[in-house]
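Remarks on the overall topology
Each chain, letter by letter, is given below.
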Amino acid sequence: MGEAATHDSLPPRMPRQQVLLGAEICGFGGGAPTKHRVKDLSVSGAKVDRAGTLRPGATVLVSVGVLKAVGATVIWVKDDLAGLRFAELIDPDAARSKAIIAPPKPRPAVAVDRGATAGWIQDLNSPYRR
């Protein structure tokens, strides 16, 4: 795996909140997105798991919650975890929110003519009627 940067070489980070969110990360040049879980989050960065394909220094696009394709740099990778620094500050509440999906429109009622269904009338035109 990659090596962690030394603690002295990193700028101080913003306070983070522990969360458990689903995220998709894809390389800046494209490629298929990979699924990750965000473990903690701040306005300037996040810690994600399943970091097998991420490398320190790589530029990636992160989609989490209603935030789509936010640019980020992989700062460190260790023990299948990775630290990301966003290119610009984000709204953590937007990352925690789900996209609002409109409920499906109701289908119009279709009247089905079943003919007569009560008593002897239903068998009126039956060739097997006695």
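One structure accompanies this document, and this report is about it.

**What to know about the overall build of the chain**
Counting its secondary structure elements, the chain contains one helix and six strands. Beginning at the N terminus, the succession of helices and strands in the chain can be written as β-β-β-β-β-β-α. Here the chain holds 130 residues, and 27% of them are scored as buried. If you take every contact in the chain between residues at least 6 apart in sequence, the share linking residues at least 24 apart comes to 50%. For the chain, the computed accessible surface area is about 9600 Å², with 56% contributed by carbon and sulfur atoms.

**So, the nonpolar core**
Grouped together as the largest cluster of nonpolar side chains are 24 residues, with contacts concentrated most on Val 38, Leu 41, Leu 54, Val 60 and Leu 84. Those elements giving two or more residues to this core turn out to be strand E1 (17-27), strand E2 (30-41), strand E3 (45-49), strand E4 (59-64), strand E5 (67-78), strand E6 (81-86) and helix H1 (92-96). Sorting elements by how many residues they give to this core places E5 first, with five residues. Here Val 38 is in contact with Val 19, Leu 20, Leu 21, Ala 23, Ala 46, Lys 47, Val 48 and Val 64, once residues within four sequence places are set aside.

**Concerning the pairing of E3**
Each regular strand displays side chains that alternate between the two surfaces of the sheet. Counting buried positions along E3 gives four out of five residues, so the element sits mostly inside the fold. The sheet contact formed by E3 and E6 spans five bridges and is antiparallel. Looking across to E6, one finds that Asp 49 is bridged to Leu 81.

**Describing the layout of surface pockets**
When its volume is computed, the second largest pocket comes out at roughly 180 Å³. As for the second largest pocket, its lining consists of 15 residues, and the residues nearest its centre are Gly 22, Val 64, Gly 65, Lys 68 and Lys 98. Put simply, the parts of the chain that give the lining of the second largest pocket at least two residues each are E1, E4 and H1. Residues belonging to the lining of the second largest pocket are distributed by class as follows: six nonpolar, four polar and five charged.

**What to know about the pattern of salt bridges**
Within this structure, the stated rule accounts for four salt bridges. As a salt-bridge pair, Asp 49 and Arg 37 come within 2.7 Å of each other at their nearest N and O atoms. Of this pair, Asp 49 sits in strand E3 while Arg 37 sits in strand E2; the two residues are 12 residues apart in sequence, bridging distant segments of the chain. With its nearest N and O atoms 2.7 Å apart, the salt bridge here joins Arg 96 to Asp 93. A residue pair is termed a helical-turn pair when its members lie 3 or 4 positions apart in one helix, as Arg 96 and Asp 93 do in helix H1 at three residues. Relative accessible area serves as the criterion here: at 31%, Arg 96 is assigned to the partly exposed category.

Definitions and cut-offs
- Residues numbered from 1 in each chain as written.
- Predicted model: local features only at pLDDT ≥ 70, side-chain atom pairs only at ≥ 80, totals over all residues.
- Heavy atoms only, no water.
- Helix = DSSP H or I, 4+ residues; strand = E, 2+ residues; numbered from the N terminus.
- Buried < 20%, exposed > 50% of the residue type's maximum accessible area, 1.4 Å probe, protein only.
- Contact = heavy atoms within 4.5 Å.
- Areas by Shrake-Rupley, 256 points an atom, 1.4 Å probe, with all protein chains shown as cover.
- Core = buried A, V, L, I, M, F, W, Y, C linked by side-chain atoms within 4.5 Å.
- Pairing = 2+ DSSP bridges.
- 1 Å grid on protein atoms, 1.4 Å probe; cavity = no way out; pocket = protein on both sides within 12 Å on 5 of 7 lines; lining within 4 Å.
- Points joined across faces, edges and corners; volume = space filled by probe spheres on them.
- Nonpolar A, V, L, I, M, F, W, Y, C, P; charged D, E, K, R; others polar.
- Salt bridge = Lys/Arg side-chain N within 4 Å of Asp/Glu carboxyl O.

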